[in-house]
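The lines below spell out each chain.
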Amino acid sequence: MFDLHRFIDDCRAAVRADATHRAVHDIVARAFDEPSAITAAVGEPTGAGLTPLYHAADLTILNVVWRPMMTLAPHDHRTWAVLGIYGGREDNIFWRRVKGDSDGRIEAAGARALATGDVCVLGKDIIHSVTNPIGKLSGAIHVYGGDFFAIERSGWDAERLTEHPHDMASTQAAFAG
């Protein structure tokens, strides 16, 4: 059975012992062997949102619920992340900077579709966009190796794919609907 408080404590201890994603990945992977237990612990999603489960300078754990067909434009986190899907889907397009481009443009470099029970690691330099491609809410636990809300990072215009400072208020508004 998934115990949210123990999960948080285990992630905190893992980051204190090793600031990389490795130990946290193992914790998340074990937890997502039973995604229905995570749903039972955090509740069946009723609306989109970014709900902090734990928030500190060295670690942020979020319950992320995506609206049907919701998309976030390309962005980076400038820290590692471990994502686990407890219900629905989360499709990630990975991007890379276009060499020699002075506007910070990016181009697609790969993709990964995540479904219930899947776990994915994002390195600190990853740029990605995210879509919930299905007609129902999708839920995930995202664990970040830093303060998700305070890290200065970049976003990219969805149409021109040019870089700009990331706006956390816009991200939160996207989840608020």
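Model, not experiment: these values are computed from the prediction.

Visitor: Help me understand helix H3 (residues 35–42) in this model?
Guide: Given 3.6 residues per helical turn, the α-helix brings residues three or four places apart onto the same face. Buried within H3 are the following residues: Pro35, Ala37, Ile38 and Thr39. Taken together, the buried residues of H3 touch helix H2 (22–31), strand E4 (81–87) and strand E9 (138–144). In the stretch just after H3, Gly43 is the one whose phi turns positive, near 95 degrees.

Visitor: Whenever I open this one, the layout of surface pockets confuses me. Can you help?
Guide: Over the atoms a probe the size of a water molecule is rolled, and this reveals where empty space is left. Reported here for the largest pocket is a volume of approximately 290 Å³. If you trace the largest pocket, you find 23 residues lining it, with Leu72, Ala73, His75, His166 and Thr171 closest to the centre. Here the residues of the lining of the largest pocket sort into twelve nonpolar, nine polar and two charged. By volume, the second largest pocket is sized at about 250 Å³. Looking at the second largest pocket, the residues that line it are Met1, Phe2, Asp3, Arg6, Phe7, Asp10, Ile27, Arg30, Ala31, Asp33, Glu34 and Ala37. If you list the elements that add at least two residues to the lining of the second largest pocket, you get helix H1 (4–17) and H2. Along the lines of polarity and charge, the residues of the lining of the second largest pocket split into six nonpolar, no polar and six charged.

Visitor: In this structure, what is going on with the packing of aromatic side chains? I would like to understand it.
Guide: Both the distance between ring centres and the angle between the ring planes are used here to describe each pair of aromatic rings. A complete count under the given rule lists four aromatic pairs for this structure. Relative to Phe148, the ring of Tyr144 lies with its centre 4.6 Å away and its plane at 40 degrees, an arrangement referred to as tilted. Tyr144 gets classed as buried once you look at its relative accessible area, which sits at 3%. With a relative accessible area of 6%, Phe148 lands in the buried category. Aromatic side chains Phe148 and Phe149 sit 5.1 Å apart centroid to centroid with 90 degrees between the ring planes, which places their arrangement in the edge-to-face category. Taking relative accessible area as the criterion, Phe149 reaches 23% and is therefore assigned partly exposed. Each residue in the set Tyr144, Phe148 and Phe149 is aromatic and connected to the rest through ring pairs, giving one cluster.

Visitor: Sorry, what's going on with H2 here?
Guide: Along H2, the residues classified as buried are Val24, Ile27, Val28 and Ala31. Each buried residue of H2 lies within a common arc of 95 degrees when the element is viewed along its axis, so the set occupies one face. Across H2 from its buried face, at more than 90 degrees, point the exposed residues Arg22 and Arg30. Considering only its buried residues, H2 is in contact with H1, H3, E4, strand E7 (119–122) and E9.

Analysis parameters
- For every chain, the first residue of the written sequence is number 1, and numbering continues from 1 onward in sequence order.
- Local features in this predicted model are restricted to residues of pLDDT 70 or higher, and side-chain atom pairs are both shown and tallied only at a pLDDT of 80 or more, whereas totals for entire chains, interfaces and linings draw on every residue.
- Side-chain numbers here rest on the full set of heavy atoms in the structure, without hydrogens or water.
- Only protein chains enter the accessibility calculation, which uses a 1.4 Å probe; a residue is then buried when its area is under 20% of its type maximum, exposed when over 50%, and partly exposed in between.
- Secondary structure counts use DSSP, requiring at least four H or I residues in a row for a helix and at least two E residues in a row for a strand, with both numbered from the N terminus.
- We call two residues in contact whenever any of their non-hydrogen atoms come within 4.5 Å of each other.
- Definitions used throughout: a 1 Å grid over protein atoms alone; a cavity as a set of points that fits a 1.4 Å probe which cannot get out; a pocket as an open set with protein on both sides within 12 Å along at least five of seven lines; a lining residue as one with an atom within 4 Å of a point.
- Grid points are joined across faces, edges and corners, and a volume is the space filled by probe spheres set on the points.
- All amino acids are sorted into three groups, where Ala, Val, Leu, Ile, Met, Phe, Trp, Tyr, Cys and Pro are nonpolar, Asp, Glu, Lys and Arg are charged, and the leftover types, Gly among them, are polar.
- Whether two aromatic rings pair depends on their centres lying within 6.5 Å, for rings of Phe, Tyr and Trp, where Trp uses its six-membered ring; planes under 30 degrees apart make the pair stacked, over 60 edge-to-face, and the rest tilted.
- By construction, the arc corresponds to the directions joining the helix axis to the C-beta atoms.

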